[in-house]
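For reference, the chains in residue letters:
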Amino acid sequence: MKTPIWTGDIDSKSDTIQSTGIVGSLRWWTEALLRGMNEFACDPTGDSRCPDDEKYCSSCLIFGATGRRRLFRLEINGGRKISFPGNGAINVKPSGRSRGWFFGPAIVGGLKMEIIPLDEKFDENFVLVPLLVASKWGGIGAKTQLGYGVVEVASSSNADFDKFKKALEDLSRERKRQELNNLSLPNLKEMFFAKIQFKASNNWWEKVDGLIDKSGKNRFEKEIRKKVIEECLNNNFLPIAPVIKNWLRYGNGRQTWQHNNRARGLENWLFGTSKTVCPQCYDYDIVPQENETYKCRNCNQKFKKEEVIDRCASKINISCAYVVDNNLWEVRIWGWIPSYPKIQGFQKDRFLDNLKSALNGGNFHALFGNQTSDHKLVVWREYNSERDTFKKEENFDGFVKSLL
Ligand SMILES: [Zn+2]
Ligand SMILES: [Zn+2]
C-alpha cells in the first residue's frame, strides 16, 4: 500500500481490513467502467436498484443484488493498523481554517487478496480490470477524497479488457436489464486522473502549512503530532490531502473553478458537503413548506422531501503524498466531473484546463514549502480529451486498455 486504506466497520473505525469495503469500492469502479461502455449500471443505493421485473443490470449480474448472489468472494488478509499515539486522529489544519480535516489511523502494509469464484461464469477480469484502474489512477476503499487508499497490485496481474467484455457478454445472455444510465452517476468517460511529482528533503513536512501545529498549545500535543508524522514517514507517506484541498477550495486554487460570484452551491457540488442541499442548485438555503415539500430560497425551485440531497460526496479526490523513489514523491488528484446536472456558472472544460495548468505551476512549491523542488504534473489522463498527456483517445476500449 502506498497510503493507508480505510474500509471502516460499523463503528466507522478501520482497525482491520473489511473485504465488504473493498468489494463496495470495486463495485463503484466497475459501475463507472460499465457506464463508460454504455452498459446500464443501476444505483444500488437508490430506488431504481435491481431487480426490475426479475432482470438485473450488468453490475448486479457481477456483484449481486436481492435474489442474486455475487459471482465471487474476496478473502483479504494481512496489513496492520498504523500506530498513532493514543490511537487518535490528527487534525490537519491549514492557515485560515477553523476546523481543518482529521486523518485517523487506518491499515498499512501488504495485503494478500484471494479471489474465490462462486460461479462458473465468473472471470477474474471482473475484479482485475476495475482493480487495476483504481490502483494505477485512483484509490480503493473509503475516504479517498482525504488521501486514503492508494494501492499497488504487486503480483504481475494480466488484466485483460477484451476478456472482461467477453465474460460480460456471456453473463448477459441471462435476464439483463438494459436502460439508459442516470447521467448523474459516475462514468469513466467523465473522469480525470492527474499525478504530480516533486523532490523533497527528509524533514520537508516541517514547512507544510497545516501539518505542524502552529497554535503552539502544549508540548505534549506537539510531541504526539511529531510521533504521528514520523510514523507516516516510516510508512512512506504524508497526509497532505487537506493542504491541497484547502488550496483548491478556499485558497488561490479557487480561481480554477470560481468563474463567477455564485459559488456556494457549486462549491458544495464540487467538493461535497455533509449538510442538506437543494437538488437543483446545491445551496443550503432550503425551507420546509406544507405537505412535506421544500422550497429553495436561492433558486426558487420547489421539490419533494425525498428529492433533497442529504449529503454530497466530493467529486475530487486527493491522495496523500507517497514516496515513489528515494526523495521523489507523488500526489494523485483525480475525480469525476459530470456534465450533468448542469450547475449554474460552472464550465467543466474551463475548470479542467485551469486545474491542469495550476497543477503544473509553482503552486505546490508554495504549499509544500522550500524543502521541496521540481514540482511537476507528470501525467493527465482523460477520455477523448486534448488535455490527455498520453494521447487523445477517442476509442473507449483503447482508453481503458491504456489505463491498465
Ligand atoms: Zn443493478
Ligand atoms: Zn436551489
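Please read these numbers as outputs of a predicted model, since none were measured by experiment. (Residues numbered from 1 in each chain as written. Chains lettered and ligands numbered in written order. Predicted model: local features only at pLDDT ≥ 70, side-chain atom pairs only at ≥ 80, totals over all residues. Heavy atoms only, no water.)

Turning to the overall build of the chain, a few remarks are in order. Along the chain, the regular secondary structure elements total 10 helices and 13 strands. In summary, the chain has a C-alpha radius of gyration of 22 Å against a globular reference of 22 Å for 404 residues, a match within 12%. Expressed along its principal axes, the backbone C-alpha trace of the chain runs to roughly 65 × 55 × 45 Å. Burial status across the chain gives 50% buried among its 404 residues. By sequence separation, contacts in the chain at least 24 residues apart represent 68% of the contacts at least 6 residues apart. With an accessible surface of roughly 19,300 Å², the chain has 43% of that area assigned to carbon and sulfur atoms. Side-chain charges in the chain split into 61 positive and 50 negative, and the spacing between the mean points of these groups amounts to 5 Å. (Helix = DSSP H or I, 4+ residues; strand = E, 2+ residues; numbered from the N terminus. Rg over C-alpha atoms; globule rule 2.2 N^0.38 Å. Buried < 20%, exposed > 50% of the residue type's maximum accessible area, 1.4 Å probe, protein only. Contact = heavy atoms within 4.5 Å. Areas by Shrake-Rupley, 256 points an atom, 1.4 Å probe, with all protein chains shown as cover. Lys, Arg positive; Asp, Glu negative; His and termini not counted. Charge placed at Lys NZ, Arg CZ, Asp CG, Glu CD.)

Here the chain shows a mean pLDDT of 90. Residues at 70 or above account for 97%. Here strand 2 (residues 90-92) is the element of the chain with the lowest mean pLDDT, 86, and helix 10 (residues 396-403) is the one with the highest, 98. (pLDDT = per-residue confidence, 0-100.)

Let us look at the coordination of the zinc ion (ligand 1). The zinc ion (ligand 1) binds to the protein through Cys42 (SG), Cys50 (SG), Cys57 (SG) and Cys60 (SG), with metal-donor distances spanning 2.2 to 2.3 Å. Bound by 4 donor atoms, the zinc ion (ligand 1) shows angles of 105 to 114° at the metal and therefore tetrahedral coordination geometry. Each donor residue of the zinc ion (ligand 1) lies on the same chain, and together they follow the pattern C-x7-C-x6-C-x2-C. Note on accessibility: Cys42 and Cys50 belong to one class, buried. (Donors = N, O, S within 2.8 Å, 3.2 Å for Na, K, Ca; no water. Tetrahedral: all angles 85-135°; square planar, octahedral: opposite > 155°, others 65-115°.)

Every protein donor of the zinc ion (ligand 2) is listed here as Cys278 (SG), Cys281 (SG), Cys296 (SG) and Cys299 (SG), and their distances to the metal cover 2.3 Å. The coordination sphere of the zinc ion (ligand 2) comprises 4 donor atoms, whose angles at the metal cover 105 to 116°; the geometry is tetrahedral. Each donor residue of the zinc ion (ligand 2) lies on one chain, and together they are spaced C-x2-C-x14-C-x2-C. Under the relative-accessibility criterion, Cys296 is labelled buried at 0%.

With that settled, consider the pairing of strand 8 (residues 293-296). The two faces of a sheet get side chains in turn, since along a regular strand they alternate between them. As defined by bridge partners, strand 7 (residues 286-288) adjoins strand 8 across 3 bridges and the pair is classed as antiparallel. Bridge assignment links Ile286 to a residue of strand 8, and that residue is Cys296. Between strand 7 and strand 8, which pair antiparallel and follow one another directly, the connecting turn spans 4 residues, one of which, Asn291, has a positive phi of 55°. Where strand 8 meets strand 9 (residues 302-304), 3 bridges bridge the pair, whose relative direction is antiparallel. Bridged to Lys295 within strand 9 is Lys302. The hairpin turn running from strand 8 into strand 9, its antiparallel successor, is 5 residues long, and Asn300 in that turn takes a positive phi close to 65°. (Pairing = 2+ DSSP bridges.)

Okay, the side chain of Asn125 next. Following the sequence through the fold, Asn125 ends up in helix 3 (residues 125-137). A relative accessible area of 3% places Asn125 in the buried class. A distance of 2.7 Å separates a polar side-chain atom of Asn125 from the backbone nitrogen of Asp160. Residues in contact with Asn125, not counting those within four places in the same chain, are Pro130, Asn158, Ala159, Asp160, Lys163 and Phe164. (Polar contact = N/O pair within 3.5 Å; in protein donor to acceptor, adjacent residues only side chain to side chain.)

A word on helix 5 (residues 219-234). Helix length check: helix 5 (16 residues) gives 22 Å between terminal C-alpha atoms against 22 Å at 1.5 Å per residue, within 8%. For helix 5, the set of buried residues is Arg225, Val228, Ile229, Glu231 and Cys232. The arc that holds every buried residue of helix 5, seen down its axis, measures 160°, which confines them to one face. In this structure, helix 5 carries Arg219, Phe220 and Asn234 as exposed residues pointing more than 90 degrees from its buried face. In this fold, the buried residues of helix 5 make contact with strand 1 (72-81), strand 2 and strand 6 (237-238). Taken from the residues just after helix 5, Asn236 is the one with a positive phi, measuring 65°. (Expected span 1.5 Å × (residues − 1). Arc of directions from axis to C-beta.)

Before going further, it helps to examine the packing of aromatic side chains. In total, this model carries 25 aromatic pairs according to the counting rule given. Measuring from centroid to centroid gives 5.2 Å for Trp6 and Tyr148, while their planes differ by 65°, and the two rings are edge-to-face. Taken together, the residues span a long stretch of sequence, with Trp6 in the segment before helix 1 (19-36) and Tyr148 in the loop between helix 3 and helix 4 (161-171) at a distance of 142 residues. Note on Trp6: relative accessible area 9%, which makes it buried. Here Tyr148 falls in the buried class, since its relative accessible area comes to 2%. (Phe/Tyr/Trp six-rings, centres within 6.5 Å; stacked < 30°, edge-to-face > 60°.)

Moving on: the packing of helix 1 against helix 4. Remark: helix 1 packs on helix 4, axes separated minimally by 13 Å, with the N-to-C direction vectors making an angle of 85°. Between helix 1 and helix 4, the angle falls in the class roughly perpendicular. Of the residues in helix 4, those in contact with Thr30, Leu33 and Leu34 of helix 1 are Phe161, Phe164 and Leu168. (Axes fitted to C-alpha atoms, helices over the stretch in contact; angles between N-to-C directions. Parallel < 35°, antiparallel > 145°, perpendicular 65-115°, else oblique.)

Turning next to the environment of Val400. Structurally, Val400 can be placed in helix 10. A sequence separation of 363 residues divides Val400 from Met37, and the C-alpha atoms of the two residues are 9.7 Å apart. When near neighbours in sequence (up to four residues on either side) are disregarded, Val400 contacts Leu33, Val129, Phe161 and Leu188.

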